[in-house]
Amino acid sequence: MKKLLVIFLSFMVWSCSSDKKVDHQIIEVKKASKSPNIDGKDMDDCWNKAEWLAMDQNWLGNAYTYKDFSGRYKLSWDESALYILAEITDDVLYDQYEDPLKLWWDDDCVEVFIDEDNSGGPHQFSHNAFAYHIALDGNVVDLAPDELPRLYNDHITSVRTTNGQTSTWEIAVKIYDDSFIDGEKNSPKNLETNKKVGFAIAYCDNDGSKERENFIGSVFVPGEDKNQGYKNANIFGTLVLLE
């Protein structure tokens, strides 16, 4: 218990006083022997071998009930992509704007945060890291360095299947580094064993309001302002890619 308290306090001190990322919520991710078929199902071998991880940190909004929302996810990888299987229970799926670039964060969506080299730091208007908003219709939005939203549909392949109130999102993420330049030809990184990647995943939940009602993430964020993932890669957890 004392050791856990020391770790927590160290994290608090870092978050308040340092611009350097400290590895936390370290997750070891097993390599897929075969790339999963992105079809919104959990039938691939890599998902049978991966463990469920919690998406239970309320970054924004009042307390919610498990009837309103619950979320969990699994991870895998190969040389070409990071793979995510997310299971989201949400009593209302809501997409109020047809235009994918209008107030995209206020619609129900999965948000995937990627920092290719796990370096941390600011990224709101740079590609030091990415905050991919994956809409119910599959469009992928993030802010570009010109401070305008853009579609990054070629970075992510996703399929969502919904049964009752439970949606299964199967996602393949190509990993780009901070040399990415919008409008030019860019190549994703080849992933390899022992690579570290900054990572978090979250869900924007809106049951019919003008603004999202909750934003629930996968990593603990100290302090009162927990909605920092879109601008501060220091709060991301760390993935370690293993065979």
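Owing to the predicted nature of the structure, the values given are computational and were not obtained by experimental measurement. (Residues numbered from 1 in each chain as written. Predicted model: local features only at pLDDT ≥ 70, side-chain atom pairs only at ≥ 80, totals over all residues. Heavy atoms only, no water.)

1. Some details on the overall build of the chain
Part 1: Along the backbone of the chain there are 2 helices and 14 strands.
Part 2: By the compact-globule yardstick of 18 Å for 243 residues, the chain fits well, its C-alpha radius of gyration being 17 Å.
Part 3: Considering the chain as a whole, with its 243 residues, one finds that 48% of them fall into the buried category.
Part 4: Taking the contacts inside the chain whose residues are at least 6 apart along the sequence as the reference set, 66% of them involve residues at least 24 apart. (Helix = DSSP H or I, 4+ residues; strand = E, 2+ residues; numbered from the N terminus. Rg over C-alpha atoms; globule rule 2.2 N^0.38 Å. Buried < 20%, exposed > 50% of the residue type's maximum accessible area, 1.4 Å probe, protein only. Contact = heavy atoms within 4.5 Å.)

2. Quick word on the packing of aromatic side chains
Part 1: Scanning all chains against the criterion turns up 14 aromatic pairs.
Part 2: Seen in terms of ring centroids, Tyr-64 and Phe-69 are 5.6 Å apart; in terms of plane orientation they differ by 80 degrees. Their pairing is edge-to-face.
Part 3: A relative accessible area of 18% places Tyr-64 in the buried class.
Part 4: Among the residues examined, Phe-69 registers a relative accessible area of 0% and is labelled buried.
Part 5: Among the aromatic side chains, those forming a connected cluster through ring pairs are Phe-130, Tyr-132, Tyr-152, Tyr-176 and Phe-180.
Part 6: Sitting above the plane of the Trp-169 ring, Arg-160 keeps its charged end 5.8 Å from the centroid.
Part 7: Directly above the aromatic system of Phe-215 lies the positively charged group of Arg-212, at a separation of 4.4 Å from the ring centroid. (Phe/Tyr/Trp six-rings, centres within 6.5 Å; stacked < 30°, edge-to-face > 60°. Lys NZ or Arg CZ within 6 Å of the ring centre and 35° of its normal.)

3. A closer look at the nonpolar core
Part 1: Among the nonpolar cores identified, the biggest contains 37 residues, and Val-173 and Phe-199 are the most heavily contacted of them.
Part 2: Once residues lying within four places of it in the same chain are set aside, the contact partners of Val-173 are Ala-81, Leu-82, Ile-84, Val-112, Ile-114, Tyr-132, His-155 and Ile-156.
Part 3: Within the second largest apolar cluster, 14 residues are counted, among which are Ala-200, Ala-202, Val-219 and Phe-236. (Core = buried A, V, L, I, M, F, W, Y, C linked by side-chain atoms within 4.5 Å.)

4. Some remarks on the pattern of salt bridges
It is possible for side chains of opposite charge to pair when their charged atoms get near one another.
Part 1: Tallied over the full model, the rule gives 9 salt bridges.
Part 2: One salt bridge connects Asp-23 with Lys-21, and the closest N-O pair in it is separated by 3.8 Å.
Part 3: Asp-182 is the partner of Arg-150 in a salt bridge, and the nearest nitrogen-oxygen pair spans 4.0 Å. Of this pair, Arg-150 sits in strand 9 (residues 149-151) while Asp-182 sits in the loop between strand 11 (166-173) and strand 12 (196-205); the two residues are 32 residues apart in sequence, bridging distant segments of the chain.
Part 4: Using a relative accessible area of 31% as the deciding quantity, one classes Arg-150 as partly exposed.
Part 5: Within this structure, Lys-21, Asp-23 and Lys-196 form a network of salt bridges that share partners. (Salt bridge = Lys/Arg side-chain N within 4 Å of Asp/Glu carboxyl O.)

5. Thoughts on the side chain of Asp-142
Part 1: Examined against the element boundaries, Asp-142 turns out to sit in strand 8 (residues 140-143).
Part 2: For the buried Asp-142, which has no salt bridge, the nearest side chain bearing the opposite charge is Arg-150, at an N-O separation of 10 Å.
Part 3: A distance of 3.1 Å separates the side chain of Asp-142 from the backbone nitrogen of Ala-131, its partner in a polar contact. (Lys, Arg positive; Asp, Glu negative; His and termini not counted. Polar contact = N/O pair within 3.5 Å; in protein donor to acceptor, adjacent residues only side chain to side chain.)

6. Some thoughts on the UniProt feature "domain: Carbohydrate-binding" (unreviewed entry) in the chain
Part 1: Using the residue numbers shown here, the UniProt feature "domain: Carbohydrate-binding" (unreviewed entry) corresponds to residues 38-242.
Part 2: Taken end to end, residues 38-242 is 2% helix and 40% strand, and its two terminal C-alpha atoms sit 21 Å from one another. (UniProt positions renumbered as here; feature names shortened; annotations may be inferred.)

7. Digging into the pairing of strand 5 (residues 81-90)
Part 1: The buried fraction of strand 5 amounts to 9 of the 10 residues, a majority that puts the element mostly inside the structure.
Part 2: Here strand 4 (residues 69-78) folds back onto strand 5 in antiparallel fashion, the turn holding 2 residues. (Pairing = 2+ DSSP bridges.)

8. Details of the sheet that holds strand 5
Part 1: The 5 strands lie next to each other as 2-4-5-11-10, forming an open sheet whose pairing is antiparallel. Looking along the sheet, the strands with just one partner apiece sit at the ends: strand 2 (53-55) and strand 10 (156-163). Strand-to-strand twist of the sheet, defined as the mean angle between neighbouring strand axes without regard to direction, takes the value 20 degrees. (Axes fitted to C-alpha atoms, helices over the stretch in contact; angles between N-to-C directions.)

9. What to know about the environment of Lys-31
Part 1: Examined against the element boundaries, Lys-31 turns out to sit in the loop between strand 1 (26-30) and helix 2 (45-49).
Part 2: Its relative accessible area of 25% is what places Lys-31 among the partly exposed residues.
Part 3: Lys-31 sits 136 residues away from Ser-167 along the chain, and the two C-alpha atoms are 24 Å apart.
Part 4: Excluding residues within four positions of it along the chain, Lys-31 makes contact with Ser-76, Trp-77, Asp-78, Glu-79, Leu-242 and Glu-243.

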